[in-house]
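An overview of the molecular structure
Chain residues, written in single-letter form:
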Amino acid sequence: MSATLVAKDVAGGYAHRVLFEHLDLTVAAGDVVGVVGANGAGKTTLLRVLAGDLAPLSGTVSRTPPDAFVGWLPQEHERVAGETVGGYVARRTGCAAATAAMDAAAEALADPDAPAAAADVYAAALDHWLATGAPDLDERLGAVLTELGLDQSAMAPEDALMTSLSGGQAARVGLAALLCSRFDIVLLDEPTNDLDLDGLDRLEEVVAGMRGGVVLVSHDREFLSRSVTRVLELDLAQHTNTIYGGGYDSYLQEREVARRHRRQEYDEYAERKADLVARARTQREWSSQGVRNAIRKAPDNDKIRRRAASESSEKQAQKVRQMESRIARLEEVVEPRKEWVLQFTIGAAPRSSTVVSTLNDAVVRRGDFTLGPVSIQVNAGERIGITGPNGAGKSTLLRLLLGQLEPESGTAQLGSNVAIGEVDQSRRLFTGSQRLADRFEALMPDYTTEQVRTLLAKFGLRADHVDRPVDALSPGERTRAALALLQARGTNVLVLDEPTNHLDLPAIEQLESALESYQGALLLVTHDRRMLANVRVDRCWRVAEGRVTEE
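Residues numbered from 1 in each chain as written. Predicted model: local features only at pLDDT ≥ 70, side-chain atom pairs only at ≥ 80, totals over all residues. Heavy atoms only, no water.

As recorded in an unreviewed UniProt entry, the protein chain goes by the name Heme ABC transporter ATP-binding protein, listed as coming from Mycolicibacterium fallax.

Below is the structure:
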């Protein structure tokens, strides 16, 4: 079914804060709209409004036809205790809800005292159940999971518990849900997070082949470049929203031109106004001086000279009024607000030993998975990029190198004077029920409360963030807290495991800039293809099938 989603004059946010307003958007079959903007601009809020999960503050969101099936896939894979992969996919695709609604309608219809309308309710529920693809979901899911490489355990992959999966495996299950869905309009929030390069390629194929319209939020620049047909920018600084035709690369060029024009328009307006104000001030001074001169020079009985001086002063006053009128008629141009940009450096520690870490025939076994034997060495100041498919053992390799995991055989040795700074994939330093300020103070005991709050504010984490429990923060906010810790601590060995997950585009660019000036050893694990191209590395390791090879 060809469906259209229309947002008309929509405002979104919360009672105490409007994030965006006067937003108009039409999404039809074939559209792939990329939503971009800084963290906190309202991207996820917009998807929730479009999905009907959150009511707009004003305006309307409509679907044509009214029963069009709109699917919203949130950025975090909510893992419910005891829920299997099959149950998770059924929930994400809307099949579980459709099945429950149909069963309830059937039970109501079976009641002898059921009203006549019960038959219509059941017919509508049945149509929706069929439209979701629920009848053959189990059959299709098994094949999709196998295709995505999630059939490596003895049990059927759909029977595995979601809580037992790694982040990369959960991301692939999320991709499976998208493949199995029958949505007319799809809303995707950070679908690239935790996907490896093969998963990203497959996601791009899925998005390109969607039968209906797609609205997606992503900070993966290469994915945006390859996938979107239009870009909706939520500008937090200017409090505006703008739709750019063409793809992502075209948007970057148009945005830069538009910003330059706005700045030029304001500069020309400010210069013109300043000139008119200066001329009006001069005219007023001349007028006042003329009156004073007339009073001083003209004798009381010289009526002709006094009248002439008065007329001259009146002419000057008229010129002042004309100048002020010209100032009032100027069309005001609002000065573009300077957007907040994350700016930071990575704290440096004294140089470590020449050899940072060494593995000799190191082997780690976890169930059916074996990493090794691995024999590698990391030297001081060396920059190493690490790639490989999900589940290949990249995070295990990092733990071995950092001395956090002992090999079952072989040896692992960490050098001396090694100061490790780490942003791990799960941001585990910033999880739990502690307030952010308390958690940061525990990690940096030499910092005063004031110093902690000042530092976090530089990373966009202000009073309403630092007093929240860490688990209540968004993934992007937890990542910025981890980056703040890197600046506070001195490090000579920097380990970044998927650092761009949940970071907005300006923050990713700032991270790349900080890495350029960083002088210590660097271990960078990322599937961000633009980051792999932009960050300078000396060596590149590929981890696959339990082996580490140099490319």
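Looking now at the nonpolar core. Nonpolar side chains in soluble globular proteins generally cluster together in the buried interior. Of all hydrophobic cores here, the largest spans 51 residues; its most connected members are Val85, Val89, Val173, Leu178, Leu188 and Leu216. If you tally residues by element for this core, the top one is helix 6 (residues 167–180), at eight residues. Beyond its immediate stretch of four places on either side in the chain, Leu216 contacts Val32, Val33, Gly34, Val35, Leu188, Val207, Phe223, Leu224 and Val228. Of all hydrophobic cores here, the second largest spans 37 residues; its members include Ala437, Ala481, Leu503 and Leu522. (Core = buried A, V, L, I, M, F, W, Y, C linked by side-chain atoms within 4.5 Å. Buried < 20%, exposed > 50% of the residue type's maximum accessible area, 1.4 Å probe, protein only. Helix = DSSP H or I, 4+ residues; strand = E, 2+ residues; numbered from the N terminus. Contact = heavy atoms within 4.5 Å.)

Right, let's get into the packing of helix 6 against helix 7 (residues 197–208). Between two packed helices, the angle of one axis relative to the other and the distance separating the axes together describe the packing. Packing of helix 6 against helix 7 brings their axes to within 11 Å, and their N-to-C directions diverge by 15 degrees. The angle between helix 6 and helix 7 falls in the class roughly parallel. The two elements helix 6 and helix 7 meet at a crossing, and its hand is left-handed. Residues Arg172, Leu175, Leu178 and Leu179 of helix 6 touch helix 7, and the partners they reach there are Asp198, Gly199, Arg202, Leu203 and Val206. (Axes fitted to C-alpha atoms, helices over the stretch in contact; angles between N-to-C directions. Parallel < 35°, antiparallel > 145°, perpendicular 65-115°, else oblique. Left-handed = near helix turned anticlockwise from the far one by under 90°.)

Looking now at a negative patch on the surface. Among the surface-exposed residues, Asp103, Glu107, Asp111 and Asp113 lie close enough to one another that they form a single negatively charged patch. The partly exposed category is assigned to Asp103, whose relative accessible area is 45%. (Patch = residues over 30% accessible without salt bridge, like charges linked within 9 Å, V, L, I, M, F, W, Y side chains within 5 Å. Areas by Shrake-Rupley, 256 points an atom, 1.4 Å probe, with all protein chains shown as cover. Salt bridge = Lys/Arg side-chain N within 4 Å of Asp/Glu carboxyl O. Lys, Arg positive; Asp, Glu negative; His and termini not counted. Charge placed at Lys NZ, Arg CZ, Asp CG, Glu CD.)

Throughout the structure, instances matching the rule amount to 29 salt bridges. Between Arg221 and Glu512 there is a salt bridge, with its nearest N and O atoms 2.6 Å apart. Separated by 291 residues along the polypeptide, Arg221 in helix 8 (residues 221–227) and Glu512 in helix 16 (residues 505–517) bring together distant segments of the chain. One exposure class covers both Arg221 and Glu512, and it is buried.

This paragraph deals with the sheet that holds strand 3 (residues 32–36). One open sheet accounts for six strands, arranged 5-6-7-3-8-9; its pairing is mixed. With partners counted over all chains shown, the strands left at the sheet margins are strand 5 (70–73) and strand 9 (240–245), one partner each. For this sheet, the mean inter-axis angle between neighbouring strands, taken without regard to orientation, is 15 degrees. For strand 3 and strand 8 (residues 230–235), the ladder comprises four bridges, and the chain directions are parallel. Its bridge partner lying in strand 8, Val33 is registered against Arg230. (Pairing = 2+ DSSP bridges.)

Moving on, we get to the packing of helix 3 (residues 95–110) against helix 4 (residues 117–131). Their axes nearest at 9 Å, the elements helix 3 and helix 4 cross at an angle of 155 degrees. One element, helix 3, and the other, helix 4, form an angle in the roughly antiparallel class. Taken as a pair, helix 3 and helix 4 cross one another with a handedness that is left-handed. Contacts from Ala98, Thr99, Ala101, Met102, Ala105, Ala106 and Leu109 in helix 3 reach Ala118, Ala119, Val121, Tyr122, Ala125, Leu126, His128 and Trp129 in helix 4. Considered class by class, the residues forming the contact of helix 3 with helix 4 number 13 nonpolar, two polar and no charged. (Nonpolar A, V, L, I, M, F, W, Y, C, P; charged D, E, K, R; others polar.)

Here the focus is the sheet that holds strand 18 (residues 547–550). Here six strands make up an open sheet; going across it, the order is 14-15-16-12-17-18 and the pairing mixed. Two strands in the sheet have a free side with no partner beyond their single neighbour: strand 14 (420–423) and strand 18. Going from strand to strand, the sheet's axes swing by 15 degrees on average, the running direction of each strand aside. Pairing of strand 15 (residues 493–497) with strand 16 (residues 521–525), which is carried by five bridges, proceeds in the parallel orientation. Note on strand 16: the bridge partner recorded for Asp497 is Val525. Strand contacts of helix 15 (residues 475–488): strand 14 and strand 15, with the helix running at about 170 degrees to strand 14, the strand carrying the most contacts.

It is worth spelling out the domain arrangement of the protein chain at this point. Interface size is commonly expressed as the accessible surface area that is lost when the partners come together. Partitioning the protein chain into structural domains gives domain 1 (1–69 + 183–246), domain 2 (255–329) and domain 3 (355–550). Computed from C-alpha atoms alone, the centre-to-centre distance between domain 1 and domain 3 is 30 Å. Each partner contributes residues to the interface: domain 1 has 19 residues there, and domain 3 has 20 residues. Summing both partners gives a buried area of about 1,800 Å² for domain 1 against domain 3, and 44% of it is carried by carbon and sulfur. (Domains from an automatic or database assignment. Buried area = accessible area lost by both parts, 1.4 Å probe.)

Attention now goes to the side chain of His527. Mapped onto the elements, His527 comes out in the loop between strand 16 and helix 17 (529–534). From its side chain, His527 meets the backbone oxygen of Gly388 in a polar contact 3.0 Å long. If sequence neighbours within four positions are ignored, His527 has contacts with Leu195, Asp196, Leu197, Leu200, Gly388, Asn390, Lys394 and Glu498. (Polar contact = N/O pair within 3.5 Å; in protein donor to acceptor, adjacent residues only side chain to side chain.)

This brings us to the packing of aromatic side chains. A complete count under the given rule lists four aromatic pairs for this structure. With 4.9 Å between their ring centres and 65 degrees between their planes, Phe69 and Phe183 make a pair best called edge-to-face. Linking Phe69 in the loop between strand 4 (58–64) and strand 5 with Phe183 in the loop between helix 6 and strand 6 (185–189), this pair joins segments that are 114 residues apart in sequence. On the basis of relative accessible area, Phe69 is assigned to the buried category, the value being 9%. Judged by centre distance (5.1 Å) and plane angle (70 degrees), the rings of Tyr244 and Tyr251 are edge-to-face. Tyr251 carries the same exposure label as Tyr244, and that label is buried. Pairwise contacts between aromatic rings join Tyr244, Tyr248 and Tyr251 into one cluster. (Phe/Tyr/Trp six-rings, centres within 6.5 Å; stacked < 30°, edge-to-face > 60°.)

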